[in-house]
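# Fold and contact review
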Amino acid sequence: MTAIASPVRDQYEAFPYPPRDPGRELDQLHTTLIGQLALANHVLAGGHWSIGSGFRVLDAGCGTGDNAIFIAEQLRGTGATVTGVDLSEHSLTIAAARARARGLEIDFHHARIEEAPALGIGAFDYIVSAGVLHHLPDPGAGLAALRSLLTPGGGMGLMVYGQYGRTAIYQLQELLRIIAPPTLAAEQRIAIARRTVAELRAEHWAAFGRDTFAGEIELHGDAGLYDVLLHSTDRAYTIPQIHEWLASGGMRLARFIMPVLYEPSLYSPSLDTSGMNLTARQAAAELLHGRMQKHSFFAARADAPPLDAPPWHDLAAIPTWLRFDHDGLIRRQLAERPELHLVYEGFELRLTLDPFRRVMLKSIDGRRTLGEILVEMAARYPKTTVQERVRKWNEAYAALEQFNLLGMRAGARSGCL
Ligand SMILES: C[S@@+](CC[C@H](N)C(=O)[O-])C[C@H]1O[C@@H](n2cnc3c(N)ncnc32)[C@H](O)[C@@H]1O
């Protein structure tokens, strides 16, 4: 790696992020939505990726390894490979120890993202980069470097900061650059930041917006505080800026991780959005929400034709769970609970499991086609009509697809209802 003095590298050498203890690695698997490979496959490739031997994933700016490890767990025993790149040697040491604790092989490289194309690490089908590109001096250069590492059919899962939701944070960052300048030792800066935050006047914007940064400090201590309030290189994006940034890097936004959050009608049901294009709707949703701190999304190559998943009513398509059920949560709920209940990023799904729905959802095994499942349902529930069975499937699928739980994968033949 080129040895250039970098306050970003110094920060993550001193405070690897997120703080993780390899000794407690087996207590918990840290999962993310952009790390869900079946979901990425559904959104970016219409389920056409063959996630097995030869499939290659890069975690760019992997830090202490959450995404790299989560993805490697999903790929265990498949012959697919995971590579991690990061600027901080200390973070990589932790990530490697975590992988060892799980018996996972991950190929880690100490390098800048901007230099990754020169490492000779080959091309990747899926590149995930969470909370990293907004810390580069030139995020466009980082995106271009990653774009050059994509296979022709590959795509990305990215998370960058949202501007409006971090308003209070940027006001505090500016203040702290004055009263706790980078010339001071990190411990002094942290102490001043902690005192300042504790003494904020109740009327201060940052006191109203305390929840936008306090959670990070509570969860990750000094590493969290440094990351959120004392970072040297940190920019955020509005929706139009994300679209422009991606376009200038030869990419396009395929889908936000939680598309429903980017629908203005969620916040303002009476609003007429009929004249707005997609970007305008998303931008309006961001402004109506007011506090989105992060934007997580899938991005596809701009030069690749979109590969849509089959529609909900394709009888020859295969309904497929999109969530890696590592803790058996879905399996258990389908077996014994009155409803499917999941919370994702503050969003709650509650889907009542009447006997019909329970049987139908339990028969989704990633092999049977929708046609086969509906034929089985007709045999088990002969008093239901075709229309009823299709309606029940449509309702369940719409709720679960929007919640990133269920998708359709192309089967051998297609044949819609
Ligand atoms: C906020 S942490 C995120 C870590 C990880 N992606 C996650 O989501 O848990 C940012 C990471 O990006 C790394 N980083 C920052 N700039 C980088 C660059 N130019 N090249 C490679 N890594 C970089 C830092 O060392 C740090 O580990």
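Residues numbered from 1 in each chain as written. Predicted model: local features only at pLDDT ≥ 70, side-chain atom pairs only at ≥ 80, totals over all residues.

## Section: the overall build of the protein
To be explicit about the condition: Helix and strand definitions follow DSSP, with helices as H or I runs of at least four residues and strands as E runs of at least two, each counted in order from the N terminus. Our radius of gyration is a C-alpha quantity, and the globule rule it is checked against amounts to 2.2 Å times the number of residues to the power 0.38. Each residue is classed by its C-beta neighbour count within 10 Å, where at least 20 other C-beta atoms makes it buried, 12 or fewer makes it exposed, and intermediate counts make it partly exposed; the C-beta atoms are placed from backbone geometry.
When its secondary structure is counted, the protein shows 15 helices and eleven strands. A globule of 417 residues ought to have a C-alpha radius of gyration of about 22 Å, and the protein, at 23 Å, matches this closely. Along the longest, intermediate and shortest principal axes, the C-alpha atoms of the protein span 75 × 50 × 40 Å. Split into buried and exposed, the 417 residues of the protein put 38% on the buried side.

## Describing the site of the ligand
Our working rule: Each residue gets a C-beta atom placed from its backbone. Should that atom fall within 6 Å of a molecule or strand, the residue is termed near it. When residue character is reported, Ala, Val, Leu, Ile, Met, Phe, Trp, Tyr, Cys and Pro are called nonpolar, Asp, Glu, Lys and Arg charged, and the others, Gly included, polar.
As a structural note, the neighbourhood of the ligand is formed by 23 residues, with Tyr 12, Gly 61, Gly 63, Leu 87 and Ala 130 the closest of them. Listing elements by their share of the shell around the ligand, those giving two or more residues are helix H1 (7–14), helix H3 (66–75) and strand S2 (81–86). Partitioning the shell around the ligand into residue classes produces eleven nonpolar, seven polar and five charged.

## Structural notes on the pairing of strand S4 (residues 124–130)
Applied cut-off: Should DSSP find at least two bridges between two strands, the strands are taken to pair. By convention, a crossover is right-handed whenever its connection, traced from the first strand over the helix to the second and viewed with the strands pointing away, goes clockwise.
Within S4, seven of the seven residues are buried, which leaves it mostly tucked inside the rest of the structure. Here three bridges tie strand S1 (residues 56–60) to S4, and the two strands are oriented parallel to one another. Note on S4: the bridge partner recorded for Val 57 is Tyr 126. Pairing of S4 with strand S5 (residues 150–161) involves six bridges; the strand directions are parallel. Counted as the bridge partner of Tyr 126 is Gly 155 from S5. After leaving S4, the chain enters helix H5 (residues 139–147) and then returns to the sheet as S5, a path that is right-handed.

## Some thoughts on the pairing of S1
A large share of S1 lies buried, amounting to five of its five residues. Along S1, one buried face is formed by Arg 56, Leu 58 and Ala 60 and the opposite face, lined by Val 57 and Asp 59, is buried too. Where S1 lies against S2, five bridges are found, and the strand directions are parallel. Looking across to S2, one finds that Ala 60 is bridged to Val 85. With respect to chirality, the unit in which S1 leads through H3 into the neighbouring parallel S2 is right-handed.

## Notes on unusual backbone geometry
Of note, the bond from Tyr 17 into Pro 18 is cis; its omega dihedral lies within 30 degrees of zero at -15 degrees. Counting through the fold element by element, Pro 18 comes out in the loop between H1 and helix H2 (37–45).

## A closer look at the nonpolar core
Most often, soluble globular proteins keep nonpolar side chains buried together rather than apart. The following threshold applies: One nonpolar core equals one set of buried Ala, Val, Leu, Ile, Met, Phe, Trp, Tyr and Cys residues connected by C-beta atoms within 7 Å. Domain start and end points were adopted from an automatic or database domain assignment. Contact between two residues is assigned whenever their backbone-derived C-beta positions fall within 7 Å.
Ile 127, Phe 298 and Ala 299 are the most contacted members of the largest nonpolar core, which totals 85 residues. A total of seven residues in this core trace back to one element, the largest contributor, which is H2. For this core, the two domains that each supply at least three residues are domain 1 (7–163 + 236–301) and domain 3 (318–409). In this structure Ala 299 touches Gly 155, Met 156, Leu 158, Leu 246, Met 251, Arg 252, Leu 253 and Ala 254, once residues within four positions along its chain are discounted. In terms of nonpolar packing, the next biggest core, distinct from the first, is built from 19 residues, Tyr 17, Leu 87, Phe 213 and Ile 217 among them.

## Section: the sheet that holds S2
Selection criterion: Helix axes are fitted only over the stretch in contact, all axes being lines through C-alpha atoms; the angle between N-to-C directions runs from 0 to 180 degrees.
Spatially, S3-S2-S1-S4-S5-S7-S6 is the arrangement adopted by the seven strands of the open sheet, whose pairing is mixed. Where the open sheet ends on each side, the last strands, each with one partner, are strand S3 (107–110) and strand S6 (251–256). When the angles between neighbouring strand axes are averaged without regard to direction, this sheet yields 20 degrees. Here seven bridges tie S5 to strand S7 (residues 294–301), and the two strands are oriented antiparallel to one another. Looking at S7, one finds that Gly 155 is bridged to Ala 300. Strands in contact with helix H10 (residues 239–248) are S5, S6 and S7; relative to S6, the strand with the most contacts, it is inclined by about 140 degrees.

## Side note on the environment of Glu 25
Its location among the elements puts Glu 25 in the loop between H1 and H2. Judged by C-beta crowding, with 19 C-beta atoms within 10 Å, Glu 25 ranks as partly exposed. In this structure the C-alpha to C-alpha distance between Glu 25 and Asn 67, which are 42 residues apart in sequence, comes to 14 Å. Excluding residues within four positions of it along the chain, Glu 25 makes contact with Arg 98, Ala 101 and Arg 102.

## Considering helix H6 (residues 167–179)
Three- or four-residue spacings in an α-helix give side chains the same orientation, since the helix completes a turn every 3.6 residues. The following threshold applies: What a helix should span is 1.5 Å times the count of its residues minus one. It is the directions from the helix axis to the C-beta atoms whose arc is reported.
Taking 1.5 Å of rise per residue, 13 residues should cover 18 Å, and H6 covers 19 Å from first to last C-alpha, within 8% of that figure. Of all the positions in H6, only Ala 168, Ile 169 and Leu 172 are classed as buried. All buried residues of H6 project into a common sector of 95 degrees when viewed along the axis, lining one side. Away from its buried face, by an angle of more than 90 degrees, H6 presents the exposed residues Glu 174 and Ile 178.

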